[in-house]
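Fold and geometry: a report
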Amino acid sequence: MYDTDKPITVQLYCHVSVMKYLIDNFGDDFAVEAVDDEHFKATVSVCASTTFYCWVFGFNGKIKISEPSMIKLGYKEMLQSALAEM
């Protein structure tokens, strides 16, 4: 539904253990804000697609989509669709 080639700014809520994966995927030119000793918020530019959602899912909750709400909704819909197929 939200697959696009046009990048969109997305805020991610992340555990500190995944920072290296964000750098691998997005380079080191993205905004980071500490939340607490174990979490940070990262603002990245992505093409909102199934590939992006699968990448987030692969971190088993250590990366969460915070904003924008339409991207959170797209992720939720993809997960619900996958569950309905089981």
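The structure under discussion appears in the preceding block.
What you see as residue numbers is a count from 1 along each chain, following the sequence as written. pLDDT decides what is reported in this predicted model: residues at 70 or higher carry local features, side-chain atom pairs at 80 or more are listed and counted, and totals for whole chains, interfaces and linings draw on all residues regardless. Side-chain numbers come from the whole structure's heavy atoms, not from hydrogens or water.

1. What about the overall build of the protein chain?
Numbering of helices and strands runs from the N terminus, with a helix taken as a DSSP run of H or I at least four residues long and a strand as a DSSP run of E at least two residues long. For the protein chain, the count of helices and strands is 3 helices and 4 strands. Starting at the N terminus and walking to the C terminus, you meet the elements of the protein chain as β-α-β-β-α-β-α. In terms of overall dimensions, the protein chain is globule-like: its C-alpha atoms have a radius of gyration of 13 Å, near the 12 Å expected for 86 residues. Expressed along its principal axes, the backbone C-alpha trace of the protein chain runs to roughly 40 × 25 × 20 Å. Buried residues are those whose accessible area, probed at 1.4 Å on protein chains only, stays under 20% of the maximum for their type, while exposed residues exceed 50% and partly exposed ones sit between those limits. For the protein chain, with 86 residues in total, the buried portion stands at 29%. Contacts in the protein chain between residues at least 24 apart in sequence constitute 63% of all its contacts with a sequence separation of at least 6. Working definition of accessibility: Shrake-Rupley area with a 1.4 Å probe, residue cover restricted to the visible protein chains. Surface exposure of the protein chain reaches about 5,700 Å², of which carbon and sulfur atoms provide 53%. The positive charge centre, built from 7 side chains, and the negative charge centre, built from 12, are 5 Å apart in the protein chain. Here the globule rule is a power law, 2.2 Å times the number of residues to the power 0.38, and the radius of gyration is based on C-alpha atoms. By definition in these notes, contact holds between two residues if any of their heavy atoms fall within 4.5 Å. We treat Lys and Arg as the positive residues and Asp and Glu as the negative residues; His and chain ends play no part in the count. Where a charge sits is defined by one atom per residue type, namely NZ (Lys), CZ (Arg), CG (Asp) or CD (Glu).

2. Notes on the packing of aromatic side chains
By convention, a stacked pair of Phe, Tyr or Trp rings (six-membered ring in the case of Trp) has centres within 6.5 Å and planes under 30 degrees apart, an edge-to-face pair has planes over 60 apart, and any other such pair is tilted. Counting across every chain of the model gives 7 aromatic pairs. With 5.6 Å between their ring centres and 90° between their planes, Phe26 and Trp55 make a pair best called edge-to-face. Taken together, the residues Phe26 in helix α1 (residues 19-26) and Trp55 in helix α2 (residues 50-57) connect sequence positions 29 residues apart. Seen in terms of ring centroids, Tyr53 and Tyr75 are 5.7 Å apart; in terms of plane orientation they differ by 40°. Their pairing is tilted. Of the two residues, Tyr53 sits in helix α2 while Tyr75 sits in helix α3 (residues 69-84), which places them 22 residues apart along the sequence. The two residues Tyr53 and Tyr75 agree in class, both being buried. Chaining the aromatic ring pairs together yields one cluster made of Tyr21, Phe26, Phe30, Phe52, Tyr53, Trp55, Phe59 and Tyr75.

3. Regarding α3
Between the first and last residue of a helix there are one fewer steps than residues, each counted as 1.5 Å, and that sum is the expected span. Spanning 16 residues, α3 covers 22 Å between terminal C-alpha atoms, matching the ideal 22 Å at 1.5 Å per step. Those residues of α3 lying buried are Ile71, Gly74 and Tyr75. Down the axis, α3 shows its buried residues gathered within 95° of arc, on one side only. Those residues of α3 that are exposed and aimed more than 90 degrees away from the buried face are Ser69, Leu83 and Ala84. Lining the buried residues of α3 we find β1 (8-15), α2 and β4 (63-67). Here, the arc refers to the directions that run from the helix axis to the C-beta atoms.

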